[in-house]
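# Overview (structure and organization)
Listed below, chain by chain, are the residues.
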Amino acid sequence: MRVLKVSVREEGQRLDRMLAKYMTAAPRSFFYKMLRKKNIKLNGKKADGSEKLTAGDEITLYLSDDTIDGFRECKKEKRSEEKKYKKKMDIPIIYEDENILVLNKPVGVLSQKADKQDYSLVEWLEDHMSDNGGDVVAFHPGICNRLDRNTSGLVVAGLSIRGLQWMNRLFRQRDLQKYYLCLVHGAVKGQQLLHGYLKKDEKRNKVAISKRPENGAVEIETEYKPVQNLEWEGEEFTLLRIHLITGKSHQIRAHLASIGHPVVGDSKYGYRDGRLEKKFRIRSQLLHAWQLNFSSVDYLPEPYRGRSFQAELPDKFAGIIRELSGR
């Protein structure tokens, strides 16, 4: 027999979903059979799996340890394999409470793993919770927005079921404003709203922008405003503040390149060997997710309504701006 106590981080999910997360190798039919036979009870009573859990609830498993651990073994082996590739990452934390975490992702860090040996923000989050006394048995933190590997800046994660639900809804319904800073080639004058259609080539992991709708393309909007015009050795550059209205893969990089102002350091949509890139040994796009403003929507609890978060520019990005501006 084993008793699972629902933590604050785990509350808000259905009983059957928590069981599936705890014993990942077990089929759903097994849980429903055990619930019918009262081999799994919720707070000492019969349950059908649809019950919403609250903190302090107790789930009693009238099963042998061998059975329970057997259904958990696959997860243990998987996590053990991931640990072999674990590496220390210095991730600046902007804000953290029991429900959400806001961090400043460095350049070069994956939001989610692409290969088996990758150690991404998802694995870092689980280790961060574990290192800070996380008491969860059937919840895994998750990131709610993704940035390209070589884009730095704000990423929001859910540290509880409710936190994940709130933040995922916030991003899904676009009940927030997302602002980026980037350095682009050329002199950009005046604020402008760009409208277009984006189509992704999955095999090449590259997108194309068109002005008219076409099969397989999604509508996008990108607003930009010049912050500072700069010059270096006869070349012009502009520091832009981007308001990302829609958030599609490579949207900012491809949209700016389509109007002749590629992001500095962007070898996929811009210049691989520009003079500035060579001079400062720039190996990634100078694009930074700078600010997030949460709307005051009813489904968010009071601490998060109208909140704003900012992430400092990476040292190299900030240093290049200082060098070009002469201060």
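Details of the structure are given in the entry above.
Notes on the structure in this doc start here.

A few words now on the overall build of the protein chain. When you go through the protein chain residue by residue, the secondary structure sums to eight helices and 15 strands. Here the C-alpha coordinates of the protein chain stretch approximately 80 × 40 × 40 Å along the principal axes. Once local pairs closer than 6 in sequence are excluded, the contacts in the protein chain between residues at least 24 apart make up 65%. Total accessible area computed for the protein chain in this model is approximately 16800 Å², and 43% of it derives from carbon and sulfur atoms.

Two orientations exist for strands paired in a sheet by backbone hydrogen bonds: parallel and antiparallel. The four strands are arranged β1-β4-β2-β3 in an open sheet whose pairing can be described as antiparallel. Each edge of the open sheet carries a strand with a single partner, namely β1 (2-5) and β3 (45-46). The sheet contact formed by strand β2 (residues 40-42) and strand β4 (residues 58-61) spans three bridges and is antiparallel. Looking across to β4, one finds that Ile-40 is bridged to Leu-61. Each of β1, β2 and β4 touches helix α1 (residues 15-22); the most contacted strand, β4, lies at about 55 degrees to it.

Taken across its eight residues, helix α6 (residues 251-258) has six buried, putting it largely inside the fold. For α6, the complete set of buried residues consists of Gln-251, Ile-252, Arg-253, Ala-254, His-255 and Leu-256. Of the residues one or two after α6, Gly-260 is the one with positive phi, at around 85 degrees.

Another point: the pairing of strand β9 (residues 176-185). Among the 10 residues that make up β9, nine are buried, leaving the element largely enclosed by the rest of the structure. Where β9 meets strand β14 (residues 287-294), seven bridges bridge the pair, whose relative direction is antiparallel. Counted as the bridge partner of Leu-181 is His-288 from β14. Pairing between β9 and strand β13 (residues 235-244): seven bridges, direction antiparallel. Looking at β13, one finds that Cys-182 is bridged to Leu-240.

End to end, helix α5 (residues 161-172) covers 16 Å across 12 residues, agreeing with the expected 16 Å (1.5 Å per residue, within 8%). Regarding α5, the residues found buried are Ile-161, Gly-163, Leu-164, Trp-166, Met-167, Leu-170 and Phe-171. Packing partners of the buried residues in α5 comprise α1, β6 (100-105), β7 (142-143), β8 (152-158), β9 and β14. Arg-174 sits one or two residues past α5 and shows a positive phi near 60 degrees.

For the rest of this paragraph, the subject is a positive patch on the surface. Residues Lys-33, Arg-36, Lys-37, Lys-38 and Lys-46 make up a contiguous surface patch of positive charge. For Arg-36, a relative accessible area of 56% corresponds to the exposed category.

The next point concerns the environment of Ile-91. Mapping Ile-91 onto the fold places it in the loop between α3 (65-83) and β5 (93-96). Relative accessible area serves as the criterion here: at 7%, Ile-91 is assigned to the buried category. Once the C-alpha coordinates of Ile-91 and Asp-66 are considered, the two residues, 25 residues apart in sequence, prove to be 38 Å apart. Apart from the residues lying within four places of it in its own chain, the contact partners of Ile-91 are Leu-103, Asn-104, Pro-106, Val-109, Leu-121 and Trp-124.

Reading the values: the criteria
Residues numbered from 1 in each chain as written. Predicted model: local features only at pLDDT ≥ 70, side-chain atom pairs only at ≥ 80, totals over all residues. Heavy atoms only, no water. Helix = DSSP H or I, 4+ residues; strand = E, 2+ residues; numbered from the N terminus. Contact = heavy atoms within 4.5 Å. Areas by Shrake-Rupley, 256 points an atom, 1.4 Å probe, with all protein chains shown as cover. Pairing = 2+ DSSP bridges. Axes fitted to C-alpha atoms, helices over the stretch in contact; angles between N-to-C directions. Buried < 20%, exposed > 50% of the residue type's maximum accessible area, 1.4 Å probe, protein only. Expected span 1.5 Å × (residues − 1). Patch = residues over 30% accessible without salt bridge, like charges linked within 9 Å, V, L, I, M, F, W, Y side chains within 5 Å. Salt bridge = Lys/Arg side-chain N within 4 Å of Asp/Glu carboxyl O. Lys, Arg positive; Asp, Glu negative; His and termini not counted. Charge placed at Lys NZ, Arg CZ, Asp CG, Glu CD.

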